[in-house]
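Chain and residue survey
Residues per chain, in single letters:
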Amino acid sequence: MTETLLEIDHLSVDYETARGNLQALRDITFNVKKGEIVGIVGESGCGKSTLISSILRLTAPNTRFRQGEVRFKGSNLLQLSERNMRDLRGDDISIVFQDPMQTHNPVLSIGRQMVDIQHRSKASKSEKLSKAAHMLGAVGIPDPEARLTQFPHEFSGGMRQRIAIAMALMSEPDLLIADEPTTALDATLEVQIIERLQKLQQEFHCAILFISHHLGVIAELCDRVVVMYAGAVVESGDVREIFHNPKHPYTRRLIDCDPGHIKERARVLPTIPGEVPDLANLPGGCIFRDRCDQALPQCAVDVPPLEQLTEGHQAACWLNQEEVHA
Amino acid sequence: MSKSRSELSQIIHGVARDPLGLMGLIIVGTIVVCAIFAVWIVPYDPIAMNIKDRLQGPSMTHLLGTDQLGRDTFSRVVMGGQVALKVALPAVFGAMVIGLTLGMIAGYGPKWLDNLLMLLFDTIRSFPTVMFALAVVALVGPSLQTVVVVVMATSIPTYGRVARTQTLTLRNSEFILAERSMGASMLRILGVHMLPNIIGVLAVLAAMDIPTVIALEAGLSFLGLGVKPPTPSWGALLKDGYALIRQTPWLVVGGGLPIILATLGFTFLGESLRDVVDPKLRKQR
């Protein structure tokens, strides 16, 4: 068994709002092992972004960590001093953001920005520049030396995202967080970026926490998947298990809704009826109950715990308990 | 260093390509050169009186005639340009640097500091500039330094507000979040990433502000509150010319024309600069 890199341990995060405490994350538990690619899926507003900002501790001022720990290489990031946390960011943990059109400083050349993020290194400027050129080459930017003098607006969206990946990998991080890195790109580029990430992952041996709501991409890229719904983990496990043998009704419906899985032609794409519950005013019991077509009486009473079903497959649903007990 | 010099020459080339910018560059260049070499350009001592030759019209001996004390108007105009720049450049530069610093602190720092600085800016802004200047001059007496300080103090809020707004916008932008998530410290974010995004706007503002300051200095001198006579100033020339407009129109021309030219020149330059410093508008090299 390989070493665990990142452990999210019963993490609960609230946002203090005018309407009361918004429970953005509740009892999140999962881990990422060294060199592993873990995908996080879930619809908009399920807490993916809160989770990332909690790991990096770049949260909004009204964020409250209610309970739990985020352990990176064994040390709790939530307890770390601001100084130590800053040393970690961009060095041990890097991130690639969703919108490549927004993630570069518009008035500095790519070369200057890539030199600037090496501010921890003692190398000379020309060494830093050649490293930057090498990284651009590694992500498949042709003629990298000449490209270094150009400004972000002179690159296409796909190139900018590759530059962002190059910058994130520059310090050879142990963990790369990819926050929907392909959402803002079109389908052809998406494939390109995914293949590039796979190649780079083998080269740099970093773990990747890949956030997406595109199931196809997750299935293609990841070793393990964590399915989130309304701020909680509903199911997690090996990618094959999750896609071939989903144990939570939400996962099942999510897969049914994936356009890649639809066999019959229809005018209307399938959706999951209902809405995500109000996180500031949570109903008791299972959060998915209102939208679930298999709800049991017990679902209205207790929150189902995340149960180990088989080796490397966990789900939080009373239905599975029924099966076990029956 | 060589890189920043090439950037500067790029900006100058860009300005020169634009007809208005070229005109601004020529006018501003002329004024600056005249001011620097004023001592060698002037044919007469600008404060030497010669009552015998008072109130003459233009001639070969006196290009723009003489004033009521027989002083050569052309010499006074040239030296007046030096005085105008001596007030405008330090005042604008000082206001820009202080305004930029305070504005960035207000925009990036804690809310209470922002409120405090904004209160300070608004307080300064609430005084009409000329009234403020009158009060200060009445207290400490007219001098070049007083004018510089007054102008600087009253224009700090303009720069401060612009810098603050820019900082606030940038602060929530994705690329700043990206820098933070890459472990950049606050100083690095402000200095390396925000400053280049703000400085262009402020430089343009400064170029456009210089004529205002020149006009303000002229205005204060016109009111007799600017530089002390007999130091030549465009405003003082206007004032003398205004009183003597029935005897000779040349003093008003000598004082007014350079103010108009300077205003136009710096404004053209500023406008053109604005288009050039924005890298998104910069033409492909």
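The rules behind the values
Numbering of residues starts from 1 in every chain and runs along the sequence as written. As they are written, the chains are lettered A onward and the ligands numbered 1 onward, keeping that order. Only residues with pLDDT of at least 70 are given local features in this predicted model, and only at 80 or more are side-chain atom pairs given and counted; all residues enter the totals for whole chains, interfaces and linings. Angles here are taken between N-to-C directions and fall from 0 to 180 degrees, while the axes themselves are lines fitted to C-alpha atoms, restricted in helices to the stretch in contact. To qualify as a helix, a DSSP run of H or I must reach at least 4 residues; to qualify as a strand, a run of E must reach at least 2; elements of each kind are numbered from the N terminus. Angular relationships are summarised with four words: roughly parallel below 35 degrees, roughly antiparallel beyond 145, roughly perpendicular across 65 to 115, and oblique for the angles in between. Crossing chirality is assigned from the near helix's rotation relative to the far helix, an anticlockwise turn below a right angle marking it left-handed and a clockwise turn marking it right-handed. Here contacts are defined at the residue level, using C-beta atoms placed from the backbone and a cut-off of 7 Å between them. All amino acids are sorted into three groups, where Ala, Val, Leu, Ile, Met, Phe, Trp, Tyr, Cys and Pro are nonpolar, Asp, Glu, Lys and Arg are charged, and the leftover types, Gly among them, are polar. An automatic or database domain assignment supplies the residue ranges for each domain. Put simply, a nonpolar core is buried Ala, Val, Leu, Ile, Met, Phe, Trp, Tyr and Cys residues tied into one set by C-beta atoms within 7 Å. The exposure label follows from counting other C-beta atoms within 10 Å of a residue's C-beta, where the C-beta atoms are placed from the backbone and the thresholds are 20 or more for buried and 12 or fewer for exposed, leaving partly exposed in between. Note on pairing: two strands pair once DSSP finds at least 2 bridges between them.

Some remarks on the packing of helix H2 (residues 19-36) of chain B against helix H11 (residues 250-277) of chain B
Residue and element names in this part refer to chain B. Contact geometry for H2 and H11: axes closest at 7 Å, N-to-C directions at 130 degrees. Considering the angle they form, H2 stands oblique to H11. The way H2 lies across H11 gives a crossing that is left-handed. Of the residues in H11, those touching H2 at Leu20, Gly21, Met23, Gly24, Leu25, Ile27, Val28 and Ile31 are Leu261, Ala262, Leu264, Gly265, Phe266, Phe268, Leu269, Glu271 and Ser272. Broken down by class, the residue content of the contact of H2 with H11 amounts to twelve nonpolar, four polar and one charged.

Some thoughts on the domain arrangement of chain A
Residues and elements named next belong to chain A. Under the domain assignment used here, chain A contains domain 1 (4-92 + 171-325) and domain 2 (106-170). With centres defined by C-alpha atoms, the gap from domain 1 to domain 2 works out at 31 Å. Contacts between domain 1 and domain 2 engage 16 residues on the former and 13 residues on the latter. Of all the elements, helix H7 (residues 187-204) adds the most residues to the side of domain 1 that touches domain 2, at seven residues.

Re the nonpolar core
Residues and elements named next belong to chain A. Counting 155 residues, the largest nonpolar core has Leu175, Phe210, Tyr229 and Val234 as the members making the most contacts within it. Of the residues that make up this core, three or more belong to each of domain 1 (4-92 + 171-325) and domain 2 (106-170). If we skip the residues at most four places from it in the chain, phenylalanine 210 touches Ile37, Val38, Gly39, Ala178, Ile218, Leu221 and Cys222.

Comments concerning the sheet that holds strand E8 (residues 207-212) of chain A
Residue and element names in this part refer to chain A. An order of E6-E7-E8-E3-E9-E10-E12-E11 is seen for the eight strands of this open sheet, with the pairing classed as mixed. The sheet terminates laterally at strand E6 (93-96) and strand E11 (307-310), the two strands that pair on one side only. Direction aside, neighbouring strands of the sheet carry axes that sit 20 degrees apart on average. Pairing of strand E7 (residues 175-179) with E8, which is carried by five bridges, proceeds in the parallel orientation. In the strand pairing of E8, leucine 175 is matched with alanine 207.

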